[in-house]
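# Observations on chain architecture
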There are 2 protein chains.
Amino acid sequence: MMVKDHSNFNYFHFLVLIHLLSNGGKDIYLEITSTQISRLINRSQQTASKLLIDLEKENLIERVKNKKKFGMKLTGTGFEILQNIYNLLKTSMEKSHTKPVLFKGKIVTGMGEGAYYMSLDGYKKQFHHKLGYEPFPGTLNVKIEDKNYVNSRKDLINYPSIYIDGFKNSDRTFGWVRCYPASIAQESKFSSEWIESQLPDPSTDVHVLLLERTHHNNNLIEVIGPLNIKESSNLKNGDNVVIKIKESARNT
Amino acid sequence: MMVKDHSNFNYFHFLVLIHLLSNGGKDIYLEITSTQISRLINRSQQTASKLLIDLEKENLIERVKNKKKFGMKLTGTGFEILQNIYNLLKTSMEKSHTKPVLFKGKIVTGMGEGAYYMSLDGYKKQFHHKLGYEPFPGTLNVKIEDKNYVNSRKDLINYPSIYIDGFKNSDRTFGWVRCYPASIAQESKFSSEWIESQLPDPSTDVHVLLLERTHHNNNLIEVIGPLNIKESSNLKNGDNVVIKIKESARNT
DNA sequence: ATTACTAAACTGCGAGTAT
DNA sequence: TATACTCGCAGTTTAGTAA
């Protein structure tokens, strides 16, 4: 974490330093009263005064008494602290965009229902057009046990997806389907740390589906691909697999 | 300031959110224990636990109990808070590079000494070469009263400058001179707010000098230019002027 | 192992006030 | 006007402990 263990550095100190920085206090002495600071941090003048004394003692700001007022600016170390926090946030923000969403689960039987839906023209045409392939008729079902994954699964709806419109035929309506580009591989193929962002070598490109009206709970993930995934990836029922959602879809 | 007045949001909350973000907790549920958090913030497990409860109540993180452990991730608003702080820091950092250093002072007499130094070959050649002009023989002296400016003046040494080497002749040595590109104008020409970063129309490009061995205190600024500044800028003794240091020199 | 309650110890905020 | 001290109280932190 290494932001500095000035262990008495708190949020107010931070706000004051930012305030100085954003008003040019890196280079020039700003005339700021403790009352102004108190309004900034929503505390009393006394507290603000103490804050400034602290910051001065810690050598984060430099103050010069002029008449009764103080002129103040950031010191080098004061600026460095802000820079450290900034860099930390920056890299965290950047990392946060590249971290993949993962699921670990077990392959279970259940091709019946999925195969039926895949075969419907209303879906088949859209899959072909929007995914670039016609899915093998039948979904691979992966059961997830870990509550964290079950929850992540619910959050999928917030991520970019390829949107397949619903439709109706003579006697019923069919809901929309959201497709998430993903890759699937046997769990052992991944290194122990699931934070790992490298793709394991023998992984297969597939799509994870989210259906408007799901019949099962959030503990089941349905996966489609151009081929019979079990065959092409050499997987069988009961195998533990890892599914990694790709950060790439650019629809809805 | 507008970072959010969740008035109970403190530095620890902030650190926890950053920790989550930098470990991918924007998208995935991380298994983090209160003990881990406690080490991160250097407080007890109990405090960390309360912190997490707070964050959950404020809807900044989302937690799912798995067995005894919690999986947790940032909520949308939790992420937004970090983004706001990040943006604030970002713009502050950017602004801090463009805010000019300013001095306000009064023109005083005193061309004698300056004129002598300017006329020395050891300096004259370097000025010509490094500044691109041969200074008018005589410095313009500006007296600064405000302690904040006097202090800023001392800090000039930390800023990039054009460095003029010292030298010695038969009977004495002459110290180095640092030159800071600047512009000077009559004070009234500036708008009342000296934070203003726009150049006033009728300003003159000059250099502010910092001498290794100064005879006067920090309350006097010596200015040189290619022409007689008083004449070319229509200034006279006693006039109040503003000097703005340019962020551009790229020597020492 | 965990999380988190309660109660006691501690820290920090702000009213009053001096300068 | 300023800044900043003291001191009482409220809010935090933590030890002990339960679940």
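In the annotation of an unreviewed UniProt entry, the entry for chain A reads Riboflavin kinase, and the organism field reads Candidatus Nitrosocosmicus arcticus. The annotation that UniProt attaches to chain A under Function (unreviewed entry) is "Catalyzes the CTP-dependent phosphorylation of riboflavin (vitamin B2) to form flavin mononucleotide (FMN)." The UniProt entry for chain A carries the following text under Sequence similarities (unreviewed entry): "Belongs to the archaeal riboflavin kinase family."

Now for the sheet that holds strand β1 (residues 30-31) of chain A. Taking strand neighbours across the sheet as the criterion, the three strands line up as β1-β3-β2 (chain A) in an open arrangement whose pairing is antiparallel. The sheet is open, and its two borders are formed by β1 and β2 (61-65) of chain A, each paired with just one other strand. As judged from the two bridges shared by β1(A) and strand β3 (residues 70-74) of chain A, these two strands associate in the antiparallel manner. Looking across to β3(A), one finds that Glu31(A) is bridged to Gly71(A). Its contacts with the sheet put helix α1 (residues 11-22) of chain A on β1, β2 and β3 of chain A, and the angle it makes with β3(A) is roughly 95 degrees. On top of the sheet, helix α7 (residues 147-155) of chain B reaches β1, β2 and β3 of chain A; it is set at about 135 degrees to β2(A), its chief contact.

Here the focus is the interface of chain B and chain A. Tallying the contact residues gives 55 residues for chain B and 55 residues for chain A. A buried area of about 5,000 Å², summed over both sides, lies between chain B and chain A, and 61% of it is on carbon and sulfur atoms. When the shortest N-O distance is used, the salt bridge between Asp155(B) and Lys73(A) registers 2.8 Å. Of all elements in the fold, only α1 (11-22), β1 (30-31), β2 (61-65), β3 (70-74), α4 (76-98), β4 (101-108) and α7 of chain B reach the threshold of two or more residues within the side of chain B that touches chain A. Here the side of chain B that touches chain A is built from residues that sort into 26 nonpolar, 15 polar and 14 charged.

A few words now on the nonpolar core. In terms of nonpolar packing, the biggest core is built from 108 residues, with Phe14(A), Ile243(A), Phe14(B) and Ile243(B) touching the most fellow members. Not counting chain neighbours up to four residues away, the residues in contact with Ile243(B) comprise Val101(B), Leu102(B), Phe103(B), Val142(B), Ala182(B), Ser183(B), Ile184(B), Val208(B), Ile221(B) and Val223(B). Within the second largest apolar cluster, 15 residues are counted, among which are Leu131(B), Val177(B), Leu209(B) and Leu211(B).

Moving on to the relation of the copies chain B and chain A. Under the fitted operation, chain B is carried onto chain A by 0.0 Å of movement along the axis and a turn of 180 degrees, and the coordinates agree to an RMSD of 0.1 Å. The transformation relating the two chain copies, once decomposed into turn and shift, fits a two-fold axis. For chain B, the smallest separation between a C-alpha atom and the rotation axis is recorded for Tyr11(B), amounting to 2.1 Å.

Residues and elements named next belong to chain A. Tallied over the entire structure, the rule returns 14 salt bridges over all chains. Salt-bridge contacts for glutamate 56 lead to arginine 63; the nearest nitrogen and oxygen are separated by 3.0 Å. Taking relative accessible area as the criterion, glutamate 56 reaches 33% and is therefore assigned partly exposed. Owing to a relative accessible area of 16%, arginine 63 belongs among the buried residues under this scheme.

Moving on: the environment of Phe70(A). Residue and element names in this part refer to chain A. Mapped onto the elements, phenylalanine 70 comes out in strand β3. Residues phenylalanine 70 and leucine 30, 40 residues apart in the sequence, show an inter-C-alpha distance of 8.1 Å. Among all residues touching phenylalanine 70, those that are not within four sequence positions of it are Leu30, Glu31, Ile32, Arg63, Val64 and Lys65.

All names here are of chain B. Throughout the structure, instances matching the rule amount to 24 aromatic pairs over all chains. Ring geometry for tyrosine 163 versus tryptophan 176: centroids 6.0 Å apart, planes at 40 degrees, classification tilted. Within this pair, whereas tyrosine 163 is found in strand β6 (residues 162-164), its partner tryptophan 176 is found in the loop between β8 (173-174) and β9 (177-186), the two being separated by 13 residues in sequence. Across from the ring centre of tryptophan 176, 4.7 Å away, lies the NZ or CZ of arginine 178, which sits over that ring.

Near DNA strand C, the surroundings consist of 16 residues, among which Ser44(A), Gln46(A), Thr47(A), Ser34(B) and Gln45(B) are the closest. Among the atoms of DNA strand C lying within 4 Å of the protein, the sugar-phosphate backbone contributes 51%. Here Gln45(B) contributes a side-chain N or O atom positioned 2.7 Å from a base nitrogen of DNA strand C. Here Lys68(B) contributes a side-chain N or O atom positioned 2.9 Å from a base nitrogen of DNA strand C. For the surface near DNA strand C, the elements supplying multiple residues, two or more each, are α3 (45-57) of chain A together with α3 (45-57) and β2 of chain B. Ranked by residue count, the leading element in the surface near DNA strand C is α3(B), at four residues. Here the surface near DNA strand C is composed, by residue class, of three nonpolar, nine polar and four charged.

Here is what the cut-offs are and how they apply
- Residues numbered from 1 in each chain as written.
- Chains lettered and ligands numbered in written order.
- Predicted model: local features only at pLDDT ≥ 70, side-chain atom pairs only at ≥ 80, totals over all residues.
- Heavy atoms only, no water.
- UniProt positions renumbered as here; feature names shortened; annotations may be inferred.
- Pairing = 2+ DSSP bridges.
- Helix = DSSP H or I, 4+ residues; strand = E, 2+ residues; numbered from the N terminus.
- Contact = heavy atoms within 4.5 Å.
- Axes fitted to C-alpha atoms, helices over the stretch in contact; angles between N-to-C directions.
- Buried area = accessible area lost by both parts, 1.4 Å probe.
- Salt bridge = Lys/Arg side-chain N within 4 Å of Asp/Glu carboxyl O.
- Nonpolar A, V, L, I, M, F, W, Y, C, P; charged D, E, K, R; others polar.
- Core = buried A, V, L, I, M, F, W, Y, C linked by side-chain atoms within 4.5 Å.
- Buried < 20%, exposed > 50% of the residue type's maximum accessible area, 1.4 Å probe, protein only.
- Least-squares fit on C-alpha atoms with pLDDT ≥ 70 in both.
- Phe/Tyr/Trp six-rings, centres within 6.5 Å; stacked < 30°, edge-to-face > 60°.
- Lys NZ or Arg CZ within 6 Å of the ring centre and 35° of its normal.
- Near = heavy atom within 4 Å.
- Polar contact = N/O pair within 3.5 Å; in protein donor to acceptor, adjacent residues only side chain to side chain.

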